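Read off the chains here:
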Amino acid sequence: MMASSYNAKEEDGHHSGSASHGGAAVVKSKKPDNTAFKQQRLPAWQPILTAGTVLPAFFVIGLIFIPIGIGLYVTSNNIKEFEIDYTGVDMNSACYSCAKNFSWNSTTSCLCTVDFTLEQPFESNVFMYYGLSNFYQNHRRYVKSRDDSQLNGDMSALTNPSKECEPYRMSEGLPIAPCGAIANSLFNDTLKLYYLEANGTRNEIPLVKKGIAWWTDKHVKFRNPGGNANLTAVFQGNLTATSKPVNWRNPVYELDQDPENNGFINEDFIVWMRTAALPTFRKLYRIIQKKSSTMPTLPSGKYVLDITYNYPVLSFDGRKRMILSTISWMGGKNPFLGIAYITVGSICFFLGVVLLIIHHKYDTRSTGADIPN
Amino acid sequence: WATVYSPIPRGRKKRKNKENKTRTVRANTLLNDHPNPHYANNKIKTTKYTLLSFLPKNLFEQFHRFANVYFVFIALLNFVPVVNAFQPELALAPVVFILSVTAIKDLWEDYRRHRSDTEINHMDCLVYSSMERRYVEKYWKEVQVGDFIRLRCNEILPADVLLLSSSDPDRLCHIETATLDGETNLKQRQVVRSFLDLDCEFDPFKYHSVIECEKPNNDLNRFRGYIVHRSGRRDVLCKENLLLRGCTIRNTEEAVGIVIYAGHETKAMLNNNGPRYKRSKLERQMNVDVFWCVIILLVICSFAAVGHGLWMFQYGDKRPVFDVLSPQGTNLSPIMSAIYLFLTLIIVFQVLIPISLFVSIEIVKICQVYLIHQDMDLYDEETDSHLQCRALNITEDLGQMQYIFSDKTGTLTENKMVFRRCTVAGVEYSHDANARRLAMYQEMDSEEEECMSHGGTLPRRESVTSHQSARVVLRSQSTKSHRRTGSRAEAKRASILSKHTAFSSPMEKDITPDPQLLYKVNECSSQMDFMRFHSQPMSQLSSDLSDIIDFFIALTICNTVVVSSPNQPRHKVRMRFELKSPVKTIEDFIKRFTPSRLTSGSNSSSSSSLITNRSSNKGCSSLLSSPSAESTLTKLHEEQSSHLEPTFSPVPPCYDGKASWNLEEGELRYEAESPDEAALVYAARAYKCSLVGRLPDQVTVELPHLGKLSFELLHTLGFDSTRKRMSVVVKHPLTDQITVYTKGADSVIMDLLKPLDTGNSKGKRQKKIICRTQNYLNLYAADGLRTLCIAKKILSKEEYACWLQCHLEAETAIQGREELLFQSALRLETNLQLLGATGVEDRLQDGVPETVAALRRAGLQIWVLTGDKQETAVNIAYACKLLDPEEEMLTLNADSQEACALLLEESLHYIQAKFLCSSADQAAKAFHTNFVPCEINSSSSLSSHNTSPFLVHRLGLVIDGRTLAYALDKTLEDKFLEVARSCRSVLCCRSTPLQKSMVVKLVRNKLKVMTLAIGDGANDVSMIQVADVGVGISGQEGMQAVMASDFALPRFRYLQKLLLVHGHWCYSRLANMILYFFYKNAMFVALLFWYQFYCGFSGSAMIDQWYLIFFNLMFSAFPQLVTGTLDKDVSAETLQRLPQLYVNGQNSEEYKPYMFWMNMIDAFYQSLVCFFIPYFAYADSDVDLFTWGTPITTLALFTILLHLGIETKTWTWMNWLSIIFSITLFFTVALCYNASCPTCFSPSNPYWTMQRQLQEPLFYLLCLITPVTALLPRYFYRACQVTLLPTPIQVGRQLDKIPADTLKNILSLNRVTTGSQVLPKPEFLSSQPSPKGSNKKNRINVVDAEISEGQQGPVLPNEEGIGPTETEKSLSHLYPELPSETISLPYTKDTTLPLLSDVILSGWITSTPLLINTDRVQLSLLPDGPPQCVRYIKNSEELPSEALQPVNLEQTPP
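Since the model is a prediction, treat every value here as computed from it, not as a measurement.

## A short note on the overall build of chain A
Line of reasoning, step 1. For chain A, the helix and strand inventory stands at 13 helices and 10 strands.
Line of reasoning, step 2. Of all 373 residues assigned to chain A, the portion counted as buried reaches 51%.
Line of reasoning, step 3. The contacts in chain A between residues at least 6 apart in sequence include a share of 79% that link residues at least 24 apart.

## A word on the packing of helix H10 (residues 355–373) of chain B against helix H36 (residues 1054–1092) of chain B
All names here are of chain B.
Line of reasoning, step 1. Look at H10 against H36: their axes get within 11 Å of each other, and the N-to-C directions meet at 160°. The orientation of H10 with respect to H36, classified from their angle, is roughly antiparallel. As H10 runs across H36, the sense of the crossing is right-handed. Counted together, Ser 356, Leu 357, Ser 360, Ile 361, Val 364, Lys 365, Gln 368, Leu 371 and Ile 372 of H10 and Leu 1058, His 1062, Cys 1066, Arg 1069, Leu 1070, Met 1073, Ile 1074, Phe 1077 and Phe 1078 of H36 form the full contact between these two elements.
Line of reasoning, step 2. In terms of residue class, the contact of H10 with H36 is built from 12 nonpolar, 4 polar and 2 charged.

## Some details on the interface of chain B and chain A
Line of reasoning, step 1. Facing 104 residues of chain B, the contacting portion of chain A comprises 92 residues.
Line of reasoning, step 2. Summed over both sides, the interface between chain B and chain A buries roughly 8,800 Å², with carbon and sulfur atoms accounting for 64% of that surface.
Line of reasoning, step 3. A per-residue breakdown of the area chain B buries against chain A is headed by Val321(B), Phe322(B) and Asp1180(B), which together make up 8% of the total.
Line of reasoning, step 4. Here chain B and chain A share 5 salt bridges between them.
Line of reasoning, step 5. Residues Asp323(B) and Arg141(A) are paired through a salt bridge, measuring 3.4 Å at the closest nitrogen-oxygen approach.

## Observations regarding the sheet that holds strand E30 (residues 861–865) of chain B
What holds strands together in a sheet is hydrogen bonding between their backbones, with the strands either parallel or antiparallel.
Residues and elements named next belong to chain B.
Line of reasoning, step 1. Strand order in the open sheet formed by 9 strands is E16-E36-E35-E34-E17-E30-E33-E32-E31, with mixed pairing between adjacent strands. The open sheet has two edge strands, strand E16 (388–389) and strand E31 (888–892), and neither has a second partner.
Line of reasoning, step 2. Sheet topology places strand E32 (residues 955–959) next to strand E33 (residues 985–988); 4 bridges connect them, and they run parallel. Considered in E33, the bridge of Val 958 is made with Leu 987.

## A look at helix H37 (residues 1105–1115) of chain B
Residues and elements named next belong to chain B.
Line of reasoning, step 1. Summarising burial for H37: 9 of the 11 residues are buried, a large majority.
Line of reasoning, step 2. Of the positions making up H37, those classed as buried are Gln 1105, Tyr 1107, Leu 1108, Ile 1109, Phe 1110, Phe 1111, Asn 1112, Leu 1113 and Phe 1115.
Line of reasoning, step 3. Taken together, the buried residues of H37 touch helix H5 (88–121), H10, H36, helix H42 (1185–1207) and helix H43 (1213–1236).
Line of reasoning, step 4. Measuring from the side-chain oxygen of the N-cap residue of H37 to the backbone nitrogen of Trp 1106 gives 2.8 Å; that N-cap residue is Asp 1104.

## Things to note about the side chain of His1203(B)
Residue and element names in this part refer to chain B.
Line of reasoning, step 1. Checked against the element boundaries, His 1203 lands in helix H42.
Line of reasoning, step 2. Judged by its relative accessible area of 1%, His 1203 falls in the buried class.
Line of reasoning, step 3. Other than its neighbours up to four places away in sequence, His 1203 contacts Tyr 1076, Tyr 1079, Asn 1159, Asp 1162, Gln 1166, Leu 1271 and Arg 1274.

## Observations regarding unusual backbone geometry
Line of reasoning, step 1. Each neighbour pair has its own omega, and for Glu166(A) with Pro167(A) the value is 0°, a cis peptide bond.
Line of reasoning, step 2. Along the polypeptide, Pro167(A) turns up in the loop between helix H7 (155–159) and strand E4 (170–171).
Line of reasoning, step 3. Located in the positive-phi region is Asn134(A), a residue other than glycine, with phi close to 60°.
Line of reasoning, step 4. With a phi close to 45°, Asn1245(B) is a non-glycine residue in the positive phi region.

## Focus on the sheet that holds strand E8 (residues 210–214) of chain B
All names here are of chain B.
Line of reasoning, step 1. Strand order in this open sheet of 4 strands is E1-E8-E9-E10, and the pairing throughout is antiparallel. With partners counted over all chains shown, the strands left at the sheet margins are strand E1 (22–26) and strand E10 (234–237), one partner each. Each neighbouring strand pair of the sheet contributes to a mean axis angle of 20°, computed without reference to strand direction.
Line of reasoning, step 2. As defined by bridge partners, E8 adjoins strand E9 (residues 225–228) across 4 bridges and the pair is classed as antiparallel. Counterpart to Val 210 in the pairing with E9 is Val 228.

## Some thoughts on the nonpolar core
Line of reasoning, step 1. Leu355(A), Phe349(B), Phe1078(B), Met1102(B), Phe1171(B) and Trp1188(B) are the most contacted members of the largest nonpolar core, which has 141 residues in total.
Line of reasoning, step 2. A per-element tally of this core places H36(B) first, with 20 residues.
Line of reasoning, step 3. Discounting chain neighbours no more than four positions away, the residues touching Phe1171(B) are Leu1087(B), Trp1090(B), Tyr1091(B), Tyr1094(B), Met1102(B), Trp1188(B) and Ile1192(B).
Line of reasoning, step 4. In this structure, Ile265(A), Leu298(A), Tyr303(A) and Leu324(A) belong to the second largest nonpolar core, which totals 77 residues.

## A word on the packing of helix H4 (residues 66–77) of chain B against helix H9 (residues 334–348) of chain B
Residue and element names in this part refer to chain B.
Line of reasoning, step 1. One can describe the packing of H4 onto H9 by two numbers: an axis separation of 9 Å at closest approach and a directional angle of 125°. In terms of orientation, H4 and H9 fall into the oblique class. Where H4 crosses over H9, the handedness of that crossing is left-handed. From H4, Tyr 70, Ile 74 and Leu 77 reach across to H9, where they touch Leu 343, Ile 346 and Ile 347.
Line of reasoning, step 2. Taken together, the residues that form the contact of H4 with H9 break down as 6 nonpolar, no polar and no charged.

## Observations regarding the UniProt feature "active site" (unreviewed entry) in chain B
Residue and element names in this part refer to chain B.
Line of reasoning, step 1. Per the UniProt record, "active site" (unreviewed entry) is annotated on Asp 407.
Line of reasoning, step 2. The buried category is assigned to Asp 407, whose relative accessible area is 3%.
Line of reasoning, step 3. Those residues in contact with Asp 407 that lie beyond four places of it in its chain are Leu 412, Leu 865, Lys 996, Ile 1014, Gly 1015, Asp 1016, Asp 1020 and Met 1023.
Line of reasoning, step 4. Here Lys 996 takes part through its side chain, which lies 3.2 Å from a polar atom of the side chain of Asp 407.

## Side note on the pairing of strand E7 (residues 186–190) of chain B
Residues and elements named next belong to chain B.
Line of reasoning, step 1. Of all 5 residues in E7, 4 are buried; the element is thus mostly enclosed.
Line of reasoning, step 2. Judged from the 5 bridges that link them, strand E6 (residues 172–176) and E7 form a sheet pairing that is antiparallel. When the sheet's bridge partners are listed, Glu 176 is paired in E7 with Leu 186.

## Observations concerning the state of the cysteines
Residue and element names in this part refer to chain A.
Line of reasoning, step 1. As enumerated under the stated definition, the model contains 4 disulfides over all chains in all.
Line of reasoning, step 2. Sulfur-sulfur distance for the disulfide between Cys 95 and Cys 112 comes to 1.9 Å. The disulfide joining Cys 95 to Cys 112 has a torsion of about 80° about its S-S bond and is therefore right-handed. Taken together, the residues span a long stretch of sequence, with Cys 95 in the loop between strand E1 (81–85) and helix H4 (96–101) and Cys 112 in strand E2 (residues 110–118) at a distance of 17 residues.
Line of reasoning, step 3. Shown here for chain A is a disulfide pattern of 1-4, 2-3, 5-6, where each number marks a bonded cysteine counted in sequence order.

## Examining the confidence of the model for chain A
All names here are of chain A.
Line of reasoning, step 1. In the predicted model, chain A carries a mean pLDDT of 84, and the fraction of residues at 70 or more is 90%.
Line of reasoning, step 2. Low pLDDT, under 50, characterises residues 1–26; the predicted model gives this stretch 4 contacts beyond four residues in sequence or across chains.
Line of reasoning, step 3. The model gives residues 366–373 a pLDDT under 50, and that stretch makes 6 contacts with residues more than four places away or in other chains.

## With respect to the packing of aromatic side chains
Line of reasoning, step 1. Enumeration according to the criterion identifies 84 aromatic pairs over all chains in this entry.
Line of reasoning, step 2. Between Phe336(A) and Phe1176(B), the ring centres sit 5.2 Å apart and the planes meet at 40°, which makes this aromatic pair tilted. Remark: Phe1176(B) occurs in helix H41 (residues 1153–1177) and Phe336(A) occurs in helix H12 (residues 336–361); the pair is interchain, linking two chains.
Line of reasoning, step 3. Centroid distance Phe1171(B) to Trp1188(B): 5.4 Å. Interplanar angle 80°. Geometry classified as edge-to-face.

## What to know about helix H25 (residues 761–782) of chain B
Line of reasoning, step 1. With 22 residues, H25(B) extends 31 Å between its outermost C-alpha atoms, agreeing within 8% with the 32 Å of an ideal straight helix rising 1.5 Å per residue.
Line of reasoning, step 2. A positive phi of about 80° marks Gly784(B), the residue just after H25(B).

What counts, and at which threshold
Per chain, the residues get numbers from 1 upward, laid out in the order the sequence is written. Think of it this way: whatever chain is written first is A, whatever ligand is written first is 1, and the rest follow in order. pLDDT decides what is reported in this predicted model: residues at 70 or higher carry local features, side-chain atom pairs at 80 or more are listed and counted, and totals for whole chains, interfaces and linings draw on all residues regardless. Side-chain measures here rest on the full set of heavy atoms in the structure, leaving out hydrogens and waters. Helix numbering and strand numbering both begin at the N terminus, where a helix is a DSSP run of H or I of at least 4 residues and a strand a DSSP run of E of at least 2. Each residue gets one of three labels from its accessible area relative to the maximum for its type: buried under 20%, exposed over 50%, partly exposed in between, using a 1.4 Å probe on protein chains only. Any two residues whose heavy atoms approach within 4.5 Å are treated as being in contact. The angle between two axes is taken between their N-to-C directions and runs from 0 to 180 degrees, where each axis is a line fitted to C-alpha atoms and a helix contributes only its stretch in contact. Each angle is binned into one of four classes, with values under 35 degrees roughly parallel, values over 145 roughly antiparallel, values of 65 to 115 roughly perpendicular, and all other values oblique. Definitions for this section: a left-handed crossing has its near helix turned counterclockwise from the far helix by less than a right angle. A right-handed crossing has that turn clockwise. The nonpolar class holds Ala, Val, Leu, Ile, Met, Phe, Trp, Tyr, Cys and Pro. Asp, Glu, Lys and Arg form the charged class, and all remaining residues, Gly among them, are polar. The term buried area means the drop in 1.4 Å probe accessible area that two parts suffer when joined, counted for both and summed. Salt bridges, as used here, are contacts in which a Lys or Arg side-chain nitrogen is within 4 Å of a carboxyl oxygen on Asp or Glu. In this analysis, strands are considered paired if DSSP registers two or more bridges between them. Throughout this description, a polar contact denotes any pair of N or O atoms lying within 3.5 Å of each other; where both atoms belong to protein, one of them has to be capable of donating a hydrogen while the other can accept it, and for residues adjacent in sequence the pair is counted only when both atoms sit in side chains. Side-chain atoms within 4.5 Å link the members of a nonpolar core, which is a set of buried Ala, Val, Leu, Ile, Met, Phe, Trp, Tyr and Cys residues. UniProt positions are given in the numbering used here, feature names are shortened, and annotations may be inferred rather than shown by experiment. Any cysteine sulfur atom paired with another within 2.5 Å is treated as part of a disulfide. Here pLDDT means the predictor's own confidence in every residue, given as a number from 0 to 100. For Phe, Tyr and Trp, rings pair up if their centres lie within 6.5 Å, where Trp contributes its six-membered ring, and each pair is then called stacked (planes under 30 degrees apart), edge-to-face (over 60) or tilted (otherwise). One less than the residue count of a helix, multiplied by 1.5 Å, gives the span that helix is expected to have.

Take a look at the structure:
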């Protein structure tokens, strides 16, 4: 009883269902289903790009972009930035002699001092960068020349670094730690900044060297083999004896005194290992923390930059700079994006006007179609 | 020892030798071990691979594709340490992916084949087991050569079987070969001659013969061999003895046979060849651009390599710290490192060669094919079949066709033959009533909705004195009421029923006899009856009458029609007079129809049975035809019908006894191999001369008064296309003379007639008959009828014996049997005596004229290649609007090479002269013509649709087979082409299959155009194969054309939607997708290229290698597939309404060579934007390489997707979904990838990169500005271009937007869009060598307001295509099918008239009827010899159907 009523219901509701119920006698027709997809009649939005239809888009883009551009431009202009080239190319520059005489093989450091004046005070946290030009850190073979496992504290990689590190893999029969060309060419100038008080005393400005690397790099990607304690033992152990990179003066376990910033997790090292995208780049060196809300971090005035000149760049026509900069929410000082937004916005606006003219002159369709019959 | 063993090897050797020519089959019962071990068994395996061989075999096959080899090469290059760019394993990923996708597809296909194989292999059949001495069930796969198989009715044959026994009393077996060749008629197969006389059941154990036959081959219509009995007697085996695998046994309860060929050696399997591989035009074009991509790749790689060398060089010996030494620590020279870098860059930039393009195209094509399959409009309810795409990879070619070559019979026409007229002994019987009946069928559909009363008046429109008219009225009404009352289901059932029997729709079966002829037949047969009764010799019969009776006998028996009864559709009517057949059901049937009994029940029976069962009309008409009863009957009918008319009820009266009896008894069905045969048999039956039974050696005919006559069938000389005739040799039961009846094409029969002795009266009479018949034949042909001549010949016993001996020799020959039989037939068919001729109409298929007109307007040139005679072809061409009465027709008939050359030269001159002169003339006229401007009145209608008189050259070319043969000669083909090209339509008559393919080949190769051949029969196969796209009509003539075709259609009219809609869509989708692919890859690679300038050309990539490799395969793959599958630039309705839009594809306007470069330039621009905006935004910052690369990748993805968005015309939810999916996929993959492993994925080591980027506002700011800037030019260009210079397609899209009712308004005003006026191309005889030349300009302002100011007169196209204005010129370029024609519109911007612009838009759609009439020219050289030439003089007032009147018939003495 139930079944029959169910069947009847089904037959009422679904005619096709009943047809298949009919059994084998009903030959299944090959007739295609009349569905929107199969008949290619899916409901669709069919925009037609005509002057009339697209001109609002142009105006809207223009109206959005120009304010954004202005905002960005203003933001970028508010960022204070100071840059000084200390390469020592010029005869009269302080580091000329250092630059002239220095090479990788030098054993002693060369010191030079550069004076400069900040016209405006730097209000918030100041970031101190070193900048290199013409340094192709993005060279294909250079970029590859590292062993991430080794840097991650992998013991086996420590003693047997990856082939990618060649030819900076082994030195004097010992594996190099850290191996590879990137590590080998670690930037090793030391910069110190002094505020020259009016009375001529040099006030060393405290430079924070922690927090300059990515958090994930410092805590996840880079790890010392066998923990941070006893680095010397690890890098010089019997089984895990390593050699320092050929260009380095000190082995990796002597990069810093602070055990939390030594070895592979030395932040200067980590920053350097993040290879720059373009041949002219800067890397964060130190941070000058803002101390109080009343005092500017770096008041305007005279400063002295003490440089331990270790890093030769003249051989490849490179340049070294020191940069002081505040940052905003959008990063460092870069007026480009603001200008770009303003330009594109203006172009859009202009094209919108052009389209409007075209529309009024030629595109009669939309006006005609608007009138209902 | 040696002697003992020697026989075996020798025997084996011998067998091996024999094997080369023949196969020997012994019965498996003879020996315990298998006697035929080296023959294939019946297990079939159509799979390509086994589990083991799959991998190597499939890879081997895939590496045949060059692209795959290239990609593998690149991947392997990565394993070389000096040059490697990516992780080698990762670089393998795309190649492996591509290969595995293809492999999986192949595997799946193979698996499906495997499953169907298993299914087939496990079907059951009865095989004789020598162990159990009975038939046991076995699987098909277990069947071996030499097995005996018992077959029951409706079983499918498992192998090729030699028929040894049949339960049929005549030792026949009927098979249906529909699965093999699609022919639905039954075929008779005969038991091997030596087993004919076995009375008892066949016992395999008594079989000891050996069969020698030919090696397996794929010829379905050939089987040769002989059977050697123990006695040493040899019997010939022929194809009549062989039952082929896949056929179905019908009408036969049981049959036994021995397996000759099994499994893969069966003819069915050998005939099974896979789908064809063709390369489409678009793909060829694409390959050129792939080649360009390779060049670009090499150029940028070399550029970068040189750059790298220089970069290295500038450092000299001082190596900077960042320039890493080679792993060996050696210092590479700049030159060496440049060379290494070159290879590295090829790997890095490999994406430029679109690896995924090939796979994507395949996927898109499969989807397109699927969607075409699913189109309801291409589904034919009647035959329950839909379009089949047999070639999967040339869908887009459908959108680029330029020439269509069509067969006529079965393609344009229904191939439903309807008997129309006949002439017997020089007297014409016009069958007017029959013609009116046919007209009724035509009107039926249109009138279906009209009210009842209207129907009655129609047939009376013409007051015909014939006393048959009354019945016509009745008939027409009843048919109509049947149609009206009968539900759809009923109609469907009827169609299903008729499907079982080929060629037997009521239209073909019901023939109204001509009263005069009917009277004569009756008189004649009664006289004969009388004479037989009085045993007078038949020769006393007047020759007129004897001709008539002979004529009908010939119609009835000179064929291969098989008779069956309808109620059991597949059961043969079994009756053998005098011999067997105890129950004579047919005689009962006839007895009840004796004239005396008729009158009583006829009123009720006729009216009711007509309604209930159309087939019973037959009975009715035969009742009425008795001369004695005729006059009274007609009176009765007249009364009845006039009485019935006003009150006729649409509800059919109840069935009375008669009706049910009718249903029960039914009538005979005729199953014919060709529709002509059936038509003639049905025609003869209308004259009560009906075929009631056919056996191999006997034909039974029922004649009025005479009753049943059995003709002993001595021979049947079947029809072949060389002889163009068939003959039967019978022994006449009344005269005992051996008579040959021949039926064939008039041209052939006329030459075979007995030379006339004009001296005596008989000869004179014969001559008169021949003359008259020839006249009528011409007349028939002019009416578009197919003509056949009927002739006979009486053989003396001696003549016959003499011929018979030769013939038997021919029959038994193994070598060259066909040739010998042919010669034998030629010997017999001589000295014939002409009896008469028939005219059979082949009706046009539904919608053919409309389709032809639409295709015409789509700019397609349609050529008809037919084997029919010229006049028939010309008339059909008129009927389907291929030729226009308004246009001139060039007829080329030549009978020698020289004449043909001359003729071609002359026509060329003529065309040129006419063209130049008239165009100048017309141009002058045009300046003075004030044409009526198009006006728009308040109801938005065009008050006037005609704008101006203009001249177009309309030429039709008609050429016959012989002339065509000359014209196709190397020396003349160019000239012929030139003439043919300037004609709007070309008609080749009397052409052979080979000529058809030669014409197609010629046009395709010389004119470099895309050709489509469409046909339905075996004679079209070669043409279909030669053409770029072959279309088969799965019609009535079997499946050969379909097998050879790329697309199979149920009906010709579906071609319209297939080409105009699907072709266009497929083309524009694929073209856009390919262009997009090139753009996408170029844009992505260019990003990397720009970076080389900032990394010392070191081959470094800022984009993570994972993104680099999966960008194409995953992140940007889906939206383009969706767009490539579903995008519709113009709706199907508009495409069909405006066939002109098809020109778009013909001119390859979606994908022109320059577009590739435009896309490349756009790609370079976009990549510049995508590269340099992030570059400047991050310039001199502390960003690292891959943190900088991540936003670039993201931007590139956004830009590429939005670019697709601009190019996408139709946004369905699937487009949205795919784009959202792509973006989500990218971010998901990026986030997961960047979080997965802190130390892996050297060198990028992207740990937490994306996560950090997402926290940066800069990232979002970049994502906003970069795509906008990158796409701004394209977006702006598109908007301006559509507004200022819309292409027709874009205009079509705008028409789509108009609300449906408004659009309907516009189009209804626009008569011509639905009309048939098609205008020829203005490039007619143009100096440009290729059709492409004239379409250099492709974006022209059509709907320019300036034009519609009306200050310009109509313009004529002339050779140079120069109109008075630039616009005009461009117009004629843009729309080659349009003559330069302008529409003047009162244009005001603030007009209150709605849809002004739409009307302007429609301007180019509108064309106007021709006002200038041109005279037709006859350009036929009068040949010296017999072929006569009929001149047609055209009168411009005539309608197309009546356009041709033979005015001047020239008789030439034979």
